[in-house]
Structure formats: C-alpha cells, structure tokens
Amino acid sequence: MPAPAAPRARKGPRRTAALVVTATASLLVGLLGPAGAHADEAPADSVHSPNITHVAHVPKPSAVDSVNSDLAFTGDYAIGGNYDGFVVYDISEPEDPQVVSEVLCPGGQGDVSVSGDLLYFSVDYPRASKDCGAPAVPVTDPNGFEGVRIFDISDKANPQYVSAVRTDCGSHTNTLVPSKTGDSDLVYVSSYSPSEDFPNCKKPHDKISIIEVPHDAPEEAAVVNEPVLFPDGGNHEQDGLLLPTQGCHDITVYAERDIAAGACMGDGLLMDISDPVNPVVTERVRDENFAFWHSATFTNDARTVLFTDELGGGGAPTCTEEVGPERGADAVYEVGGEKGAPELDFASYFKIDRHQGDQVCVAHNGSLIPVPGRDYFVQSWYQGGVSVIDLNDPGSPEEIGFFDVDSRVQEGVQDNDTWSTYYYNGYVYSSDISRGLDVLRIDDPRLRAAEQVRMDELNPQNQESYRPGRGNGR
C-alpha cells in the first residue's frame, strides 16, 4: 500500500518503484472511465439494514491517528492496528468500549496478531532502526528496518516492546500459526514488490518468511525458513493484474486441519501445513476477473474457501454498474479432490449490489459468523461499508444485512471507510480507516446461535473450529 500521503490508495502496492506506480495509474484510469461516469447518489435509503444496530463508536485517539488497519482479539480486549502503532480497547462492555492504551511505534501497515501475552505487528515502511522512535528512511537504505515487531501485552495498560525480526521486503501482513510442540508460535510473513534498487527486497521474491517465537524467550525470535511458493515465478502474464505474483499478500491457516489458503496477487493457493515450518503448495488457481488476490477465509468445515479481489489496490470506485459484479468481488471455491490432492472448484462470485458511485469500494477483510453447521460471513468494503453474507449455497451467496454510514443519507455523519470487520463474542467490530472503531449488533434469528460460541482469542487469519459454548480456547 502506498504511503499515507496518498490516502485514497490503501492496501495495494507498498513501494514506489516507477513501474508499479505506472501500472497502478493505468489500472485506475481504466476503472474510473470518463468523468461523471459514476453517479454521486446514495446506494440505499438507510445507513443500515433493519437487522443491524450501531451500538458504539470510539474515535481514533490522538496519539495513534494515522490509517487504521487490522484487528485482533484476546479475552475482553480488541487490538487495533494503525500505521502509527496500535490501540488496546477494553470491550468487556461491547456497547461501551474504552481505550486502555495507545502505543506509538510507526512503521506502516500495522497488521496485528495476538497470542496470549504476545502481540505481533507488521512493519512495511522502512525505519532507521528497530526502535519505535526511529525515523523513516528510503527503501534504498540497506540499513533500514522492516519486518515484525513483538510486544508483551500482559499489562494491557502498559505494553512492552520486546524485540523485532527483520524480513525481506518487510511485512505487509502476518499470520499466527501454532507450532506443533505448543511452546512457540510461528508467524507467516507476507510481503512483496521487490526491485533491483531495493537492497533488502531483491528479485525474485517468490517466497514467504517464517518466524519462530519461543513463548518463554520471545526476544530470541528469528526467521527459521523462507519457503519458495512459486518456483516457476508465478503469474506474470495475465491481463489486468494489479501486480504480478511476487510473494503473497495474505495467508489464512486452519491449523487443526493442516491447511492454509494463500492470496498471492496473481494466484490463489491451497497449502499443506502438516509441517508448518515447511508448507507445501497443493493447489493453485487463477481467475481472469481477479486483479489482486488479497485474502482468504475457509468455512468451518473447510469445504469452501472465499477469496477476495482488491481491484484497484483500494484506491478506486469499483462497486459500480460499469465495473460489474465479477470484478473487485469475492470468489467462492468449493474444496474437492482427495486427501493430499485437493482441488479448488469455482462456485460463484459475490459483490455488494449497492452501487457506491464515486466512493472507494472493493472487497476487503472479513470473518465467519460462527453459526455451527451454517456459513455466514461479515466483510468490509471500504466506503461500501459492512456486509453480512449468507454463504450456505456456495453457488449463490447473498447479502442479508449491511451497515454503510453515508452523509448522502444521514446529514452530518462522517462517511465510513472500513478496513476490517470481524465477529467476536456476540458483536461485530469494524476498524474504520478514518472513523476509528465501530461496534455493531446483529439481530437476526439465522445468526442467533453464534452468540453461544465464546472465544478466548481471535486472529481471523488463524482459523479454529467452533461449536456452541466453545470457540478459540487456548
């Protein structure tokens, strides 16, 4: 994603190589079309559907007020990532969340994962050193630091910086992977946009980095493997790609089933992670309508996986009649084949049909709503707001609820611009780039059983199975 100085481009290309800028600019011109092509009218007559209630809003605190990014949850707390650091919220009373602490530690991106008392934070814009106060430096600086910072959050009011691990091309996203022994964490680090001009991010970059973090000695965290996922170089030829495959954007693991799904710019992957330090690609798909494979989510039974396409890199209005329903959308695949030889079979696309006019809107981060035996999904669409999706028929998903703050509908409100939306212990939490943290309650009989699923921890890119009365117990 470009620097915050270009606020309309969010989670797309992360560096400033001329080739990347030119390619992105060309794609945006193609999406925008002629002036006035997108009518500036509200996509609905309300900011929410009848089954959704907006119950709380916490503005971004003054110390950490850059771009809000991802969320993770532990106990009665939500951790909100930000380009300037992170914020710890007390959500023990979800309809009255409180800021507990703010950690100012700039580095861009701010993707977060939590494991017990440890927090992992992605740094994707180089700094002069590992220190939290280190100034930014050019990507061409060989001594610049990018990678993953590790914090001890046992005292939520006073998190402590423990250590940092440098990774090639930094860390755009990170995924928590439990180790098989249980005495350490593995962190899959996704990064991309290499260049011969970047000393710490050289071509080819067809790999991920894997960090191991001992629970008893997190200061000894280190890279333990850099598996190459694309030995043939990945997808470089497809027309309309935002970027060719050069690593991955994000990975979601389902550790108890020993599988992972990779969203890797030009390719979608399934991986066998029975040996999590040595993941093996078992299936790979491409889609002529996908410009940027962005993220993935399995259903609870792992029979379906939903991939998102961040058409335009998060910087263009793609929820329009002109762009259509099959681009900038979700692609739903059914997982078939045999054990050890899975196959991904395309089932359908899903995209909100509430056309957003000139507002930036494209598929972005979401999570399952844990209704045992059923498949529901809640998802962010930037300025398209929050959508609740029925996935029970993979061939015909449909929206069953939405929350879309829009000043064209409700005078005086700040338009939403939501990056991540996740369901956690009875409520939906939205990390809004500009507004801060929004909390929603869903009142829908189809989703009531989810309220019986309690989780001790939630990292949406580290899926665990659920059933009534039990969630992600540690």
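Worth saying up front: this structure is predicted, and the values here are computed from it rather than measured.

(A) Region of interest: the sheet that holds strand β1 (residues 52–59). Overall, antiparallel pairing links the four strands, which are arranged β1-β28-β27-β26 in an open sheet. The sheet is open, and its two borders are formed by β1 and β26 (418–424), each paired with just one other strand. For this sheet the average axis-to-axis angle between neighbouring strands, irrespective of direction, equals 20 degrees. Across five bridges, the pairing between strand β27 (residues 427–432) and strand β28 (residues 436–442) is antiparallel. Across the sheet, residue Tyr 429 finds its bridge partner in β28, namely Val 439.

(B) Quick look at the pairing of strand β22 (residues 366–369). Pairing geometry for β22 and strand β23 (residues 376–380), over four bridges, is antiparallel. Directly across from Gly 366, in β23, lies its bridge partner Gln 379. Taken together, β22 and the strand that follows it, β23, pair antiparallel across an intervening segment of six residues, in which Gly 373 is found at a positive phi of about 80 degrees.

(C) Quick look at the packing of aromatic side chains. Under the defined criterion, the tally for this structure stands at 18 aromatic pairs. Between Phe 73 and Tyr 429, the ring centres sit 5.4 Å apart and the planes meet at 55 degrees, which makes this aromatic pair tilted. In this pair, Phe 73 is assigned in strand β2 (residues 68–74) and Tyr 429 in strand β27, connecting sequence segments 356 residues apart. The interplanar angle of 85 degrees and the centroid separation of 6.3 Å between the aromatic rings of Tyr 83 and Trp 419 together place this pair among those described as edge-to-face. Of this pair, Tyr 83 sits in the loop between β3 (77–82) and β4 (85–90) while Trp 419 sits in strand β26, placing them 336 residues apart in sequence. Each member of the pair Tyr 83 and Trp 419 is classed as buried. Put simply, the rings of Phe 290, Trp 293, Phe 307, Tyr 333, Phe 346 and Tyr 349 touch in pairs and so form one group of aromatic residues.

(D) A look at the nonpolar core. Counting 32 residues, the largest nonpolar core has Phe 73, Tyr 89, Ile 91, Trp 381, Tyr 424 and Tyr 429 as the members making the most contacts within it. For this core, the secondary structure elements donating two or more residues are β1, β2, β4, β26, β27 and β28. In terms of residues, this core owes the most to one element, β1, which gives three residues. The residues contacting Phe 73, other than those within four sequence positions of it, are Ala 78, Ile 91, Val 114, Tyr 422, Tyr 424, Tyr 429, Glu 457 and Leu 458.

(E) The arrangement of the sheet that holds strand β29 (residues 457–458) in detail. Reading across the sheet, the five strands line up as β5-β4-β3-β2-β29 and stay open at both edges, with antiparallel pairing between neighbours. Looking at the sheet topology across the chains shown, the edges are occupied by β5 (98–104) and β29. In this sheet, β4 lies alongside β3 in antiparallel orientation, the contact comprising six bridges. When the bridges of β4 are listed, Gly 80 appears paired with Val 87.

(F) Just unusual backbone geometry, in detail. The amide bond that connects Lys 203 to the next residue, Pro 204, takes the cis arrangement and shows omega of -10 degrees. In this fold, Pro 204 is placed in the loop between β11 (184–190) and β12 (209–214). Residue Cys 169 is not a glycine yet carries a positive backbone phi of 65 degrees. Position of Cys 169 among the secondary structure elements: in the loop between β9 (160–166) and β10 (173–178). Of the residues examined, Cys 169 reaches a relative accessible area of 1% and is grouped as buried. Here Ala 302, not a glycine, exhibits a phi torsion of approximately 60 degrees, which is positive. Summarising the element assignment, Ala 302 is placed in the loop between β18 (293–298) and β19 (304–309). The exposure class of Ala 302 is buried, given its relative accessible area of 12%.

(G) Up close: the environment of Glu 41. Among the structural elements, Glu 41 can be located in the loop between α1 (18–32) and β1. Measuring from C-alpha to C-alpha, the distance between Glu 41 and Val 281 comes to 45 Å, with 240 residues separating the pair along the chain.

(H) Expanded view of the state of the cysteines. Taken as a whole and judged by the stated rule, the model has four disulfides. Between Cys 105 and Cys 132 runs a disulfide, and the two sulfur atoms are separated by 2.0 Å. One disulfide, between Cys 105 and Cys 132, carries an S-S torsion of -90 degrees and so falls in the left-handed class. Taken together, the residues Cys 105 in the loop between β5 and β6 (109–115) and Cys 132 in the loop between β7 (118–127) and β8 (145–152) connect sequence positions 27 residues apart. Accessibility assignment for this pair places Cys 105 and Cys 132 in one class, buried. In this model Cys 319 forms its disulfide with Cys 361; the gap between the sulfur atoms is 2.0 Å. Between Cys 319 and Cys 361, the S-S dihedral sits near -70 degrees, and the bridge is therefore left-handed. In this pair, Cys 319 sits in the loop between β19 and β20 (330–338) while Cys 361 sits in the loop between β21 (341–350) and β22, placing the two residues 42 residues apart along the sequence. Overall, Cys 361 belongs to the buried group, its relative accessible area being 0%.

(I) Main features of the pairing of β19. Taking burial as the measure, the six residues of β19 include six buried ones, the bulk of the element. Taking every second residue as pointing to the same face, both faces of β19 are buried, with Thr 304, Leu 306 and Thr 308 on one and Val 305, Phe 307 and Asp 309 on the other. Two strands pair when backbone bridges link them, and β18 and β19 are joined in this way by five bridges, in the antiparallel orientation. In the sheet register, Ser 295 faces β19, and the bridge partner there is Thr 308. If you look at the hairpin formed by β18 and β19, you'll find five residues sitting between the two strands, and Ala 302 has a positive phi there, around 60 degrees. Bridge analysis of β19 against β20 gives five bridges, and the strand direction is antiparallel. Within β20, the position partnered with Leu 306 by the bridge is Val 332.

(J) Broad picture of the environment of Asp 117. Tracing the backbone shows Asp 117 in the loop between β6 and β7. The partly exposed category is assigned to Asp 117, whose relative accessible area is 41%. Separated by 185 residues in sequence, Asp 117 and Ala 302 have C-alpha atoms that sit 29 Å apart. When neighbours within four sequence positions are excluded, Asp 117 is seen to be in contact with Phe 151, Asp 152, Ile 153 and Ser 154.

Here is what the cut-offs are and how they apply
Residues numbered from 1 in each chain as written. Predicted model: local features only at pLDDT ≥ 70, side-chain atom pairs only at ≥ 80, totals over all residues. Heavy atoms only, no water. Pairing = 2+ DSSP bridges. Helix = DSSP H or I, 4+ residues; strand = E, 2+ residues; numbered from the N terminus. Axes fitted to C-alpha atoms, helices over the stretch in contact; angles between N-to-C directions. Phe/Tyr/Trp six-rings, centres within 6.5 Å; stacked < 30°, edge-to-face > 60°. Buried < 20%, exposed > 50% of the residue type's maximum accessible area, 1.4 Å probe, protein only. Core = buried A, V, L, I, M, F, W, Y, C linked by side-chain atoms within 4.5 Å. Contact = heavy atoms within 4.5 Å. Disulfide = S-S within 2.5 Å.

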